[in-house]
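# Descriptive analysis of the structure
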Amino acid sequence: MTGPAILLLLAGLGAIAWVSARARALRLAGVARASGRRDAVHSLPGYHGWYVALWTLIPAGIFLAVWANVSPGLVTQSVLADPAAQSLPMDGFSRSAILGEARAIATGAQAGAFNPAANALVEPYRTALSHYGIAGAVLALVLAFAGGAYAFTRVRPDFRARTRVERLVMATLLIASLIAIITTLGIVASLLWESFRFFSMVNPIDFLFGTKWSPQSAAMGYGNEDAFGAVPLFWGTIFIGAIIAMIVAIPLGLMSAIYLTQYASPTVRKWMKPTLEMLAGVPTVVYGYFAALTIAPALRDFAVMIGIHGASSESALAAGLVMGVMIIPFVSSMADDSIAAVPQSMSDGSLAMGATTSETISRVLIPAALPGVVGGVLLAVSRAIGETMIVVMAAGLAANLTLNPFASVTTVTTQIVQLLTGDQEFDSAKTLAAFALGLVLFIVTLLLNIVALRVVKKYREAYE
Amino acid sequence: MSAERLPTDWKSDAMRKRIARRYAAERRFKAAGMAAVLLSAAFLAFLLFTMVGNGMRGFTRTEIALKVDFPASPLLLDPANITDEALANANLPMVTSTVAQKALGKDADAMISPSAWIAIRDAIKADPKILARTETIDVPAATAIDLAAKSKGSPEAEAQVARLRQAGLLATGINWGFLTASDGTDPTQVGIWGAFKGSLLTMLVTLVLSFPIGVATALYLEEYARKSWWTDIIEVSINNLAAVPSIIFGLLGLSIFLNLLHLPRSAALVGGMTLALMTMPVIVIAGRNAIKSVPPSIRDAALGIGASPVQVVFQHVLPLALPGILTGTIIGMARALGETAPLLMIGMRAFIATPPGGIVDPATVLPVQIFLWSDEVSKGFVEKTSAAIIVLLAFLLAMNGLAIYLRNKFEKRW
């Protein structure tokens with residue numbers, strides 16, 4: 001019997017259980033009412049239905065989930081016990097290749113065998129598969145019936161079916177909320193584990209403070225010393241994400257927020273705010289393509305025109321400019337929020353003293369909102385340094401320690417993509433280096449976010 | 001008696017100058033603000049116009065009117081018996097090449113697309129009677145001709161285009177293949193259907209996983225959990241997950257889903273799972289805000305007439321909060337739809353020429369397809385990349401529009 005058929009059958013059983021238990025509860029409640037014991041009825045009939053349906057489905061479902069993981073092993077064992085399996089080679093690799101092939105033919109995933117030895121095993125496989133398939137299906141159905149029958153006998157007017165069902169609902173909600181923690185732990189554990197393996201091959205000091213990055217040479221067998229110095233990557237990341245992008249994003253974002261909150265008419269604000277927010281909604285791969293196709297060649301031509309040496313068609317400036325534009329809405333909405341949080345009385349006081357609007361903004365509102373703006377900028381920086389596609393497509397791969405914005409630099413995220421999308425074995429220092437870079441990126445963005453939220457929170461309290 | 005300070009003489013020259021200077025500064029400041037807004041908007045407009053300008057050409061193709069004299073051609077087909085098998089055995093590619101050389105000259109093979117025979121096959125299939133006469137069939141042009149006709153190509157191609165134009169043989173048709181075909185090596189033949197289907201499957205997995213988990217988490221945190229160190233940990237992890245760079249989720253997917261659980265590489269299943277982890281915090285945060293905005297009086301009223309806490313939430317709070325939750329979900333899904341980096345990490349950058357049949361088949365998604373095409377050397381891919389970007393942006397716009405519509409239609413002020 002196939003998996004979907006069993007699931008369909010179980011679902012049908014669950015539905016029958018629901019209907020019959022509900023009918024029974026309804027009838028019993030009617031009897032109880034007729035005999036004058038109104039208060040003896042606890043739950044609505046539907047809850048009895050759910051109670052029995054869940055008892056039918058959950059034990060059988062858990063059993064099937066376990067069975068799906070256990071039965072392949074049992075099938076293989078019974079095939080190996082077959083006389084036809086005695087001639088299998090002892091070498092583990094070719095042995096499992098033959099077994100896999102026989103299995104594929106038996107399930108119909110493959111038409112014929114490349115290895116003749118597999119043919120002999122097809123028949124034992126087929127019998128074992130159907131054997132264990134039937135066994136699993138029968139056991140699941142028995143469990144479903146047993147669970148349903150047990151629950152069905154408990155359906156009585158004074159049985160607290162609702163309490164039981166609600167307890168399960170609460171457990172489900174609690175488990176769902178645990179997924180966030182599990183994900184965080186998964187990220188931390190996987191990054192730490194792979195980084196640990198990397199640092200057992202490469203000295204952490206060399207990694208954090210070395211200035212030469214050439215994982216290719218390490219992969220070619222020149223040794224790991226001097227190949228994994230990540231400083232050029234850190235510099236490229238800071239240069240693009242924290243310097244060039246911010247030079248674009250801070251003035252534009254801040255001034256946009258000021259104009260839209262303080263000067264613009266409600267109509268202009270209503271239309272321009274969503275328009276600017278569209279900048280944050282454009283996928284980064286589109287920005288990357290735009291930077292690589294339009295901005296970068298234009299900048300290179302410009303650099304050549306004014307006579308700058310080392311101008312590359314993949315420049316830090318192109319990636320940084322486009323990234324800055326992408327960040328504008330983040331800076332602007334954070335600035336918007338913190339300016340709006342400044343008490344009206346402060347700007348009223350300033351205006352009443354005769355200050356112009358711009359004087360009020362630059363000498364009262366901005367200083368008062370500064371912590372919020374700084375927090376917003378920190379969040380924007382953390383966003384910018386974690387950004388991947390723009391720099392992958394526009395910033396280049398050369399690990400340069402340079403101040404020239406027209407030269408090519410590389411970033412942490414670019415290198416992670418570069419290191420992990422080739423066809424190398426997974427255990428080399430080269431691929432593991434990507435996880436070490438990921439760990440650094442994770443820690444830095446996390447710290448930036450914590451500091452930013454601290455700053456914003458502290459400042460909000462000052463006016464509340 | 002001390003001398004009283006004279007009132008400020010607002011009419012004095014010095015004062016007037018000072019006020020004029022202050023007002024000028026005010027105007028400059030305002031102009032700077034306006035310039036910032038306009039510059040940002042102009043950049044957006046520039047980006048969209050560049051993409052649309054490049055991309056519109058990707059939806060069209062250049063066609064050459066090829067005169068086919070069927071009776072005189074070396075085609076051996078019985079008009080009464082046109083089956084797929086007969087057409088497959090008729091060696092149409094060779095026949096097409098011969099016919100084209102007769103009609104267009106010696107360099108015809110360089111002018112028509114290698115798949116031009118498909119157009120002839122379809123024409124015969126549509127009307128077998130044309131086998132008895134001479135018929136003009138529009139066949140797709142080769143990439144070089146296509147480029148030269150639309151913008152600028154190599155000198156030879158330009159010359160050929162000039163010749164074809166003079167003969168009145170060139171036309172521009174809509175490239176339906178772009179919407180129905182999948183990835184390929186020849187830019188005139190590629191399409192986005194495979195990537196689009198991959199995106200749909202991935203989004204389906206993401207939605208099925210992240211929506212229930214996100215809503216359940218939001219309900220638990222907002223309605224049931226008492227504030228404790230435990231809920232603090234949950235809250236902190238959700239806020240952190242919302243701020244973690246997307247590529248880190250890709251690293252998680254690679255090391256846990258692929259290397260530990262051995263799920264299939266570059267499949268929509270793994271992509272969807274990875275993106276679900278990214279989307280879930282967005283849904284939780286939006287969901288909590290929506291649930292928070294349901295007034296407590298509704299809960300009190302329901303509790304007052306005897307509803308249990310679970311009934312209060314599932315029968316009253318959740319239906320009222322649902323529009324807000326859905327808005328947040330759509331925005332989260334739109335973000336996931338445009339995401340590229342984590343999917344590169346789990347191997348979705350392979351060349352895949354057939355649309356995926358299910359969630360465990362190798363697949364690619366729209367943004368990754370854009371990334372792959374942008375790396376292609378052939379110039380014909382530029383317009384295809386931009387055209388794919390237009391499709392992606394149109395989808396994102398539609399999703400965000402739906403979110404705004406939902407918000408405006410169902411938003412309640414209590």
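Residues numbered from 1 in each chain as written. Chains lettered and ligands numbered in written order. Predicted model: local features only at pLDDT ≥ 70, side-chain atom pairs only at ≥ 80, totals over all residues.

## Considerations on the overall build of chain A
Across its full length, chain A carries 16 helices and zero strands. Its C-alpha radius of gyration of 33 Å places chain A more than 25% over the 23 Å reference for a compact globule of 464 residues. Counting only C-alpha atoms, chain A reaches 85 × 75 × 40 Å along its principal axes. The burial tally for chain A puts 44% of its 464 residues in the buried class. Relative to all contacts within chain A whose residues are 6 or more apart in sequence, the contacts with residues 24 or more apart total 73%. (Helix = DSSP H or I, 4+ residues; strand = E, 2+ residues; numbered from the N terminus. Rg over C-alpha atoms; globule rule 2.2 N^0.38 Å. Buried ≥ 20, exposed ≤ 12 C-beta atoms within 10 Å, placed from the backbone. Contact = placed C-beta atoms within 7 Å.)

## Describing the overall build of chain B
When its secondary structure is counted, chain B shows 17 helices and three strands. Taken over C-alpha atoms, the radius of gyration comes to 31 Å for chain B, far larger than the 22 Å a tight globule of 414 residues would show. Across its three principal axes, chain B shows a C-alpha extent of roughly 115 × 75 × 40 Å. Buried residues in chain B amount to 44% of all 414 residues. Taking the intrachain contacts of chain B between residues at least 6 apart in sequence as the baseline, contacts between residues at least 24 apart amount to 75%.

## Observations concerning the UniProt feature "domain: ABC transmembrane type-1" (unreviewed entry) in chain B
Here the UniProt feature "domain: ABC transmembrane type-1" (unreviewed entry) sits at residues 196–403 of chain B. Between the first and last C-alpha atoms of residues 196–403 of chain B the distance is 21 Å; the span itself is 76% helix and 0% strand. (UniProt positions renumbered as here; feature names shortened; annotations may be inferred.)

## Considering the domain arrangement of chain B
All names here are of chain B. Partitioning chain B into structural domains gives domain 1 (57–175) and domain 2 (193–410). Look at where the C-alpha atoms of domain 1 and domain 2 centre, and you get two points 46 Å apart. Contacts between the two partners involve six residues from domain 1 and, on the opposite side, seven residues from domain 2. In terms of residue class, the side of domain 1 that touches domain 2 is built from two nonpolar, two polar and two charged. (Domains from an automatic or database assignment. Nonpolar A, V, L, I, M, F, W, Y, C, P; charged D, E, K, R; others polar.)

## Some words on the environment of Leu439(A)
Residues and elements named next belong to chain A. With respect to the helices and strands, the residue Leu-439 is situated in helix H16 (residues 429–463). A tally of 22 C-beta atoms within 10 Å means that Leu-439 is categorised as buried. Apart from residues no more than four positions distant in its own chain, Leu-439 is found in contact with Leu-191, Leu-192 and Ser-195.

## Notes on the sheet that holds strand S2 (residues 134–140) of chain B
All names here are of chain B. Taken in spatial order, the three strands of this open sheet run S2-S1-S3, and their pairing is antiparallel. The strands lining the two open edges of the sheet, one partner per strand, are S2 and strand S3 (170–174). When the angles between neighbouring strand axes are averaged without regard to direction, this sheet yields 40°. Relative to S3, strand S1 (residues 60–69) runs antiparallel, the two sharing five bridges. Residue Thr-60 lies in a different strand from S3, and its bridge partner there is Ile-174. (Pairing = 2+ DSSP bridges. Axes fitted to C-alpha atoms, helices over the stretch in contact; angles between N-to-C directions.)

## Considering the packing of helix H9 (residues 266–281) of chain A against helix H11 (residues 316–340) of chain A
Residues and elements named next belong to chain A. Viewed as axis vectors pointing N to C, H9 and H11 meet at an angle of 125°, and their least axial separation amounts to 7 Å. In terms of orientation, H9 lies oblique with respect to H11. For H9 against H11, the interelement crossing comes out left-handed. Residues Leu-276, Glu-277, Leu-279 and Ala-280 of H9 form the contact with H11, whose own contacting residues are Val-325, Met-326, Ile-328, Pro-329, Phe-330 and Ser-332. In terms of residue class, the contact of H9 with H11 is built from eight nonpolar, one polar and one charged. (Parallel < 35°, antiparallel > 145°, perpendicular 65-115°, else oblique. Left-handed = near helix turned anticlockwise from the far one by under 90°.)

## Remarks on helix H4 (residues 116–153) of chain A
Taking 1.5 Å per residue, 38 residues should reach 56 Å; H4(A) reaches 56 Å between its end C-alpha atoms and fits that length. Among all positions in H4(A), only Ala118(A), Leu121(A), Pro124(A), Tyr125(A), Ala128(A), Gly136(A), Ala140(A), Leu143(A), Ala144(A), Gly147(A), Gly148(A) and Ala151(A) are buried. (Expected span 1.5 Å × (residues − 1).)

## Remarks on the UniProt feature "transmembrane region" (unreviewed entry) in chain B
Residues and elements named next belong to chain B. Mapped onto the present numbering, the UniProt feature "transmembrane region" (unreviewed entry) falls at residues 31–52, 200–221, 241–261, 268–287, 317–338, 350–373 and 385–406. Between the C-alpha atoms that bound residues 200–221 the distance is 31 Å, and the span itself is 100% helix and 0% strand. In the segment residues 350–373, helix accounts for 33% and strand for 0%; the C-alpha atoms at its two ends are 12 Å apart.

## A short note on the interface of chain A and chain B
Listed per partner, the contact involves 64 residues of chain A and 65 residues of chain B. With 19 residues, the single largest contributor to the side of chain A that touches chain B is helix H5 (residues 161–199) of chain A. Taken together, the residues of the side of chain A that touches chain B break down into 39 nonpolar, 22 polar and three charged.

## Comments concerning the environment of Gly100(A)
All names here are of chain A. Within the fold, Gly-100 resides in helix H3 (residues 92–107). We classify Gly-100 as partly exposed; it has 13 C-beta atoms within 10 Å. Between the alpha carbons of Gly-100 and Pro-274 there is a distance of 56 Å; along the sequence they are 174 residues apart.

## What to know about unusual backbone geometry
Residues and elements named next belong to chain B. With phi around 55°, His-262 is a residue other than glycine that occupies positive phi space. Structurally, His-262 is set in the loop between helix H11 (246–258) and helix H12 (268–292). Even without glycine at this site, Ser-266 takes up a positive phi of about 50°. Looking at the element boundaries, Ser-266 is found in the loop between H11 and H12.

## Some details on the pairing of S1(B)
Moving residue by residue along a regular strand, the side chains alternate between the two faces of the sheet. Note that S1(B) and S2(B) share seven bridges and pair antiparallel. Counted as the bridge partner of Val68(B) is Glu135(B) from S2(B).

## Observations concerning the nonpolar core
Residues and elements named next belong to chain A. Ranked by internal contacts, the top residues of the largest apolar core, which has 189 residues, are Ala-291, Ala-319, Val-322, Val-331 and Ala-394. Per element, the largest residue contribution to this core is 18 residues, and it comes from helix H8 (residues 231–263). Excluding residues within four positions of it along the chain, Val-331 makes contact with Ala-249, Ile-250, Gly-253, Leu-254, Gly-376, Val-377 and Ala-380. (Core = buried A, V, L, I, M, F, W, Y, C linked by C-beta atoms within 7 Å.)

## Some points on the packing of helix H13 (residues 296–304) of chain B against helix H14 (residues 309–337) of chain B
Residue and element names in this part refer to chain B. Running from N to C, H13 and H14 point in directions that differ by 155°, and their axes come no closer than 10 Å. Here H14 runs roughly antiparallel to H13, going by the angle between their axes. Crossing hand, H13 versus H14: right-handed. In this structure, H13 uses Ile-298, Arg-299, Ala-302 and Leu-303 to contact H14, whose residues at the interface are Val-312, His-316, Val-317 and Leu-320. Split into classes, the residues belonging to the contact of H13 with H14 amount to six nonpolar, one polar and one charged.

## A word on the domain arrangement of chain A
Each assigned domain of chain A is listed here: domain 1 (3–159) and domain 2 (209–463). A separation of 53 Å is found between the C-alpha centroids of domain 1 of chain A and domain 2 of chain A.

## Things to note about the environment of Val373(A)
Residues and elements named next belong to chain A. Tracing the backbone through its elements, the reader meets Val-373 in helix H13 (residues 357–386). Separated by 93 residues in sequence, Val-373 and Ala-280 place their C-alpha atoms 18 Å apart. Filtering out sequence-adjacent residues up to four positions away, Val-373 remains in contact with Leu-254, Met-334, Ala-335 and Ser-338.

## A closer look at the confidence of the model for chain B
Interpretation of the predicted coordinates at a detailed level should be avoided for regions scoring low in pLDDT. Confidence in the prediction for chain B averages 85 pLDDT; 99% of positions are at 70 or higher. Both scores are available for the predicted complex, with the pTM at 0.86 and the ipTM at 0.87. (pLDDT = per-residue confidence, 0-100.)

## Here's the deal with helix H1 (residues 13–56) of chain B
Over its 44 residues, H1(B) extends 61 Å from the first C-alpha to the last, a length consistent with the 64 Å expected when each residue adds 1.5 Å. Taken as a whole, H1(B) has its buried residues at Phe29(B), Gly33(B), Ala36(B), Val37(B), Ser40(B), Phe43(B), Leu47(B), Met51(B), Asn54(B) and Gly55(B). Contacts from the buried residues of H1(B) go to H8, H9, helix H10 (284–305), H11 and H13 of chain A together with helix H17 (380–410) of chain B.

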